[in-house]
Amino acid sequence: MSVPVAGLPARLALSASAGAGRFCVLGSGVERWRGVRAGHRRGLSDLHLQLVPSQGFRDSPSWLPKYRSEPKSYVTSPKLATTLVQILKKEGKNPDQLFLECNPGPGILTQALLESKAKVIALESNRTFLPHLESLRKKVNGKLEVVYCDFFKMDPRNFGIVKPPIMISETLFRHLGIEAVPWSEDTPLRVVGIFPAKNEKKILWKLLYDLYSSTSVYSYGRVELNMFITEREYEEPWSSFGVYGQSGRQEKLKNKKPLEQINKQVGQNMCLIQLTPLPNLFTENLTSVNYDVFFHMLKQCFMKRNFKLMDHLQLLSPVNATAILKQIEKNGDMKITDLHPQDFKQLFETIECSKESCRWLFDDCMEEMIM
């Protein structure tokens with residue numbers, strides 16, 4: 001069965017294949033550090049696992065000149081778009097919430113968001129889709145803005161003169177009339193899209209870097225990310241994660257299945273990760289000033305996952321490792337993959353609180369970590 005995309009020229013009429021497969025949607029999710037235990041509301045956000053019908057992901061059409069853009073995937077099924085909007089707006093308090101949609105393509109999800117009374121800013125990096133999105137904009141009385149822009153290439157680290165679709169967030173947001181709000185307030189906008197298949201991991205690292213440095217979109221407040229990522233990058237055995245309730249105690253996950261078993265049932269999956277910065281993300285000892293040291297620590301830990309915690313501490317810091325472990329109540333024989341995301345923050349802050357004049361040992365890995 002196919003669903004034609006209404007309102008598009010014949011050569012843009014992408015169809016949605018309604019197969020028997022399903023995809024894995026991860027709603028309200030903690031950042032999923034590979035091999036690290038996840039917790040409930042103790043990292044960037046909390047996590048739940050949902051399975052919904054997979055109907056309507058398509059790659060960019062083969063007729064598009066390859067030199068124009070990298071291959072992209074789009075939501076092309078109205079049914080999938082409606083389900084996604086229900087997930088996105090399930091916990092939303094404001095019916096007029098502002099959504100920033102990345103590469104909407106044929107605009108199927110855009111239309112579903114508009115029908116839910118949301119306001120949408122469509123950032124499209126492929127000129128071919130702009131006329132259709134512009135025609136949609138004229139029908140919705142100020143509820144939709146269309147910009148020729150690539151969200152995933154926004155705010156390049158080393159830039160001179162930038163030209164669309166590459167843009168600077170400050171210029172874009174000023175043009176759109178979006179103002180910064182205090183970190184303690186609710187999310188000023190919600191970003192939704194599909195990570196480009198190329199460099200997914202690097203893009204996610206850059207977004208986390210922007211978050212902890214309070215730069216790019218995060219200079220405007222606690223922006224929420226809702227991004228589809230391939231299971232290839234997300235994949236993680238369920239046994240590597242814990243689920244924590246409001247009390248902070250670990251709970252059993254209902255209907256838990258090994259990922260290998262899920263794969264056999266659902267086929268090729270896409271995962272929706274939701275990252276919402278917590279109001280108390282920053283503390284006296286972890287700030288947007290020393291975030292680079294925190295990232296250095298994380299990078300070193302994940303480059304050597306099988307090392308014991310004691311070995312990592314001795315490589316990272318000249319501070320007495322035994323004393324640090326005693327303060328955080330951890331065993332030096334533990335592996336990094338046995339730590340909860342909150343434990344990394346606690347470890348960093350404990351070392352930062354040390355009275356030693358020299359707290360960290362550095363190398364040149366930072367340039368490789370961030371785009």
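Residues numbered from 1 in each chain as written. Predicted model: local features only at pLDDT ≥ 70, side-chain atom pairs only at ≥ 80, totals over all residues. Heavy atoms only, no water.

- The name recorded for the protein chain in an unreviewed UniProt entry is rRNA adenine N(6)-methyltransferase, from Leptonychotes weddellii.
- Quoted verbatim from the Sequence similarities (unreviewed entry) field of UniProt, the annotation for the protein chain is "Belongs to the class I-like SAM-binding methyltransferase superfamily. rRNA adenine N(6)-methyltransferase family."
- Under the heading Subcellular location (unreviewed entry), UniProt records this for the protein chain: "Mitochondrion". (UniProt positions renumbered as here; feature names shortened; annotations may be inferred.)

Points about the nonpolar core
Part 1: Ranked by size, the top nonpolar core spans 62 residues in total, and within it Leu 123, Phe 151, Leu 172, Val 191, Met 227 and Met 297 carry the most contacts.
Part 2: Those residues within four positions of Leu 172 in sequence are excluded, and the remaining contacts are Leu 123, Val 147, Cys 149, Met 154 and Met 167.
Part 3: Grouped together as the second largest cluster of nonpolar side chains are 29 residues, Ala 81, Val 85, Ile 108 and Met 270 included. (Core = buried A, V, L, I, M, F, W, Y, C linked by side-chain atoms within 4.5 Å. Buried < 20%, exposed > 50% of the residue type's maximum accessible area, 1.4 Å probe, protein only. Contact = heavy atoms within 4.5 Å.)

A word on the environment of Leu 315
Part 1: Within the secondary structure layout, Leu 315 lies in helix α9 (residues 309-316).
Part 2: Separated by 45 residues in sequence, Leu 315 and Trp 360 place their C-alpha atoms 9.0 Å apart. (Helix = DSSP H or I, 4+ residues; strand = E, 2+ residues; numbered from the N terminus.)

Quick word on the UniProt feature "binding site: S-adenosyl-L-methionine" (unreviewed entry) in the protein chain
Part 1: According to UniProt, the feature "binding site: S-adenosyl-L-methionine" (unreviewed entry) maps to Val 75, Glu 124 and Asp 150 in the numbering used here.
Part 2: Within the secondary structure layout, Val 75 lies in strand β4 (residues 73-75).
Part 3: Relative to the assigned elements, Glu 124 resides in strand β6 (residues 119-124).
Part 4: Since its relative accessible area comes to 0%, Glu 124 is described here as buried.
Part 5: Excluding its chain neighbours within four sequence positions, the residues that come into contact with Glu 124 are Tyr 74, Asn 103, Pro 104, Gly 105, Phe 129, Leu 130, Leu 133, Val 147, Tyr 148 and Cys 149.

As for helix α1 (residues 78-88)
Part 1: Considered for burial, the residues of α1 that qualify are Leu 80, Ala 81, Leu 84, Val 85, Ile 87 and Leu 88. Burial along α1 is one-sided: seen end-on, the buried residues are contained in an arc of 160 degrees. Of the exposed residues in α1, the ones pointing more than 90 degrees away from its buried face are Lys 79 and Gln 86. (Arc of directions from axis to C-beta.)

A closer look at the packing of aromatic side chains
Part 1: Per the counting criterion, the structure on display carries 14 aromatic pairs.
Part 2: Here Phe 151 and Phe 152 contribute two aromatic rings whose centre-to-centre distance is 5.5 Å and whose plane-to-plane angle is 85 degrees, an arrangement assigned as edge-to-face.
Part 3: Residue Phe 151 is classed as buried on the basis of its relative accessible area of 6%.
Part 4: Taking 5.3 Å as the distance between ring centres and 80 degrees as the angle between the ring planes, the aromatic pair formed by Tyr 209 and Tyr 291 counts as edge-to-face. Here Tyr 209, found in helix α5 (residues 200-213), pairs with Tyr 291, found in helix α8 (residues 291-303); they are 82 residues apart in sequence, far enough to count as distant. Per residue, the accessibility class of Tyr 209 equals that of Tyr 291, and both read buried.
Part 5: A network of ring pairs unites the aromatic residues Trp 183, Trp 205, Tyr 209, Tyr 212, Phe 282, Tyr 291, Phe 294, Phe 295, Phe 348 and Trp 360 as a single cluster. (Phe/Tyr/Trp six-rings, centres within 6.5 Å; stacked < 30°, edge-to-face > 60°.)

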